[in-house]
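Examining the three-dimensional arrangement
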Amino acid sequence: MKKWGMIMQWNKPKSVRQIGDIPGRGRIYMEDYVIRFAKKLAKSGQGLDKAAVLLGNTYLTNEEKIYQISGIVEIPNFASRTSPAFSQDTWNRIYTEIKENFTDLEIIGWYYSRQGFSVKDVSLLLEIHKQNFQRRDKVLYLYEETEKEDSFFLYRNGHFERQKGYYIYYEKNPEMLHYMEKEANRHVHIVEQEDDRVIRNIRGVIEEKEKGKQKKRQKESRMGYSMGVMIALIAILIGAAALKNQTTLEQVKGQLQALQDMALGEKKNSNTTMVETMGSNLARMTAPPAPSAVPSGMPASFSAAAASPAPSVSGTGAMPASQRPVAK
């Protein structure tokens with residue numbers, strides 16, 4: 001077994017799980033802790049680009065290249081980059097993390113993740129690969145967090161070639177475990193700071209809402225007062241109209257009573273009898289008056305007969321001859 005011209009003994013991992021199909025042109029082994037960290041890093045991105053360098057060793061045996069990945073270090077501020085090439089400050093921070101946490105490992109590839117980024121768009125990462133890795137035989141590990149889809153790519157003949165499968169191996173990896181714990185603590189500290197900022201923002205939002213509610217209550221109070229005044233004015237106007245209508249109603253009642261009295265008077269007058277006197281004057285009488293004297297030239301017997309009540313009439317209806325007056 002050779003490592004870039006030097007004879008090295010490659011200890012093949014004992015506990016291995018194969019993912020996909022392995023064609024035989026190259027074999028990629030990735031330690032379980034590395035995959036866990038990569039997926040956790042993708043989740044923490046919350047839609048932003050996340051990237052890291054893959055650490056390990058590369059071996060050549062029987063004309064077949066073997067990539068054994070046992071470490072990973074996040075590329076800082078990757079989402080805010082302004083060009084495909086990483087800045088010198090970025091590289092300095094990467095090498096500092098490698099030196100502090102890993103030994104006898106080199107950069108053999110890199111990792112990229114973004115939600116919604118399909119493996120079909122991998123060519124968009126080609127310029128980043130060319131600009132940052134002089135030996136372009138580095139691997140690219142791509143992980144899409146939404147669909148939980150991952151793939152490995154090798155750079156060959158100027159483009160990325162997707163690999164059909166890879167191996168996951170399991171063994172003690174104290175350096176990677178230590179790095180994960182340190183990053184977890186750092187992340188917790190960052191989360192606590194972020195939580196404080198979020199709490200302050202929430203408090204600010206609550207205060208703004210309370211101010212808005214107070215202004216709304218004041219406005220509603222003013223509107224309620226205005227509505228009360230308006231209702232009072234309407235009540236006054238209705239009362240005045242009602243009072244005026246009452247006066248008008250009393251007048252109408254008076255007119256109706258006068259018309260009724262007039263009607264009764266006319267009815268009473270219709271029951272009287274109008275007679276004509278000697279002097280051609282009209283007099284109102286309730287009954288015809290009784291004669292006070294007998295006209296001159298009339299016999300006394302006629303007058304007595306006229307004054308006495310009429311006798312009952314017999315069946316013939318004719319007056320007896322003895323009672324008929326005799327004309328002289």
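Here the structure is shown first, and the text comes after it.
Residues numbered from 1 in each chain as written. Predicted model: local features only at pLDDT ≥ 70, side-chain atom pairs only at ≥ 80, totals over all residues. Heavy atoms only, no water.

**So, unusual backbone geometry**
- Phi angles above zero are rare outside glycine, and Lys 148 is one such case at about 55°.
- Mapped onto the fold, Lys 148 is located in the loop between strand S8 (139–144) and strand S9 (149–156).
- The phi dihedral of Asn 157 is positive, around 55°, even though this residue is not glycine.
- In this structure, Asn 157 sits in the loop between S9 and strand S10 (159–162). (Helix = DSSP H or I, 4+ residues; strand = E, 2+ residues; numbered from the N terminus.)

**A few points about the pattern of salt bridges**
- Summed over the entire model, instances satisfying the criterion amount to 11 salt bridges.
- We note a salt bridge from Arg 27 to Glu 64, for which the minimum N-O separation is 3.2 Å. Of this pair, Arg 27 sits in strand S4 (residues 26–31) while Glu 64 sits in strand S6 (residues 64–74), and the two are 37 residues apart along the sequence. Just as Arg 27 is buried, Glu 64 falls in that class too.
- Glu 149 serves as the salt-bridge partner of Arg 162, at 3.6 Å between the closest nitrogen and oxygen. Separated by 13 residues along the polypeptide, Arg 162 in strand S10 and Glu 149 in strand S9 bring together distant segments of the chain.
- The class for Arg 162 is partly exposed, based on a relative accessible area of 43%.
- Here Glu 149 falls in the partly exposed class, since its relative accessible area comes to 34%. (Salt bridge = Lys/Arg side-chain N within 4 Å of Asp/Glu carboxyl O. Buried < 20%, exposed > 50% of the residue type's maximum accessible area, 1.4 Å probe, protein only.)

**Side note on helix H2 (residues 88–101)**
- Between its terminal C-alpha atoms H2 stretches 20 Å, which fits the 20 Å expected from 14 residues at 1.5 Å a residue.
- Within the sequence span of H2, burial applies to Thr 90, Trp 91, Ile 94, Ile 98 and Asn 101. Looking straight down H2, one finds that the buried residues subtend no more than 115° of arc, so they occupy a single side. In H2, the exposed positions angled more than 90 degrees off the buried face are occupied by Gln 88, Lys 99 and Glu 100. (Expected span 1.5 Å × (residues − 1). Arc of directions from axis to C-beta.)

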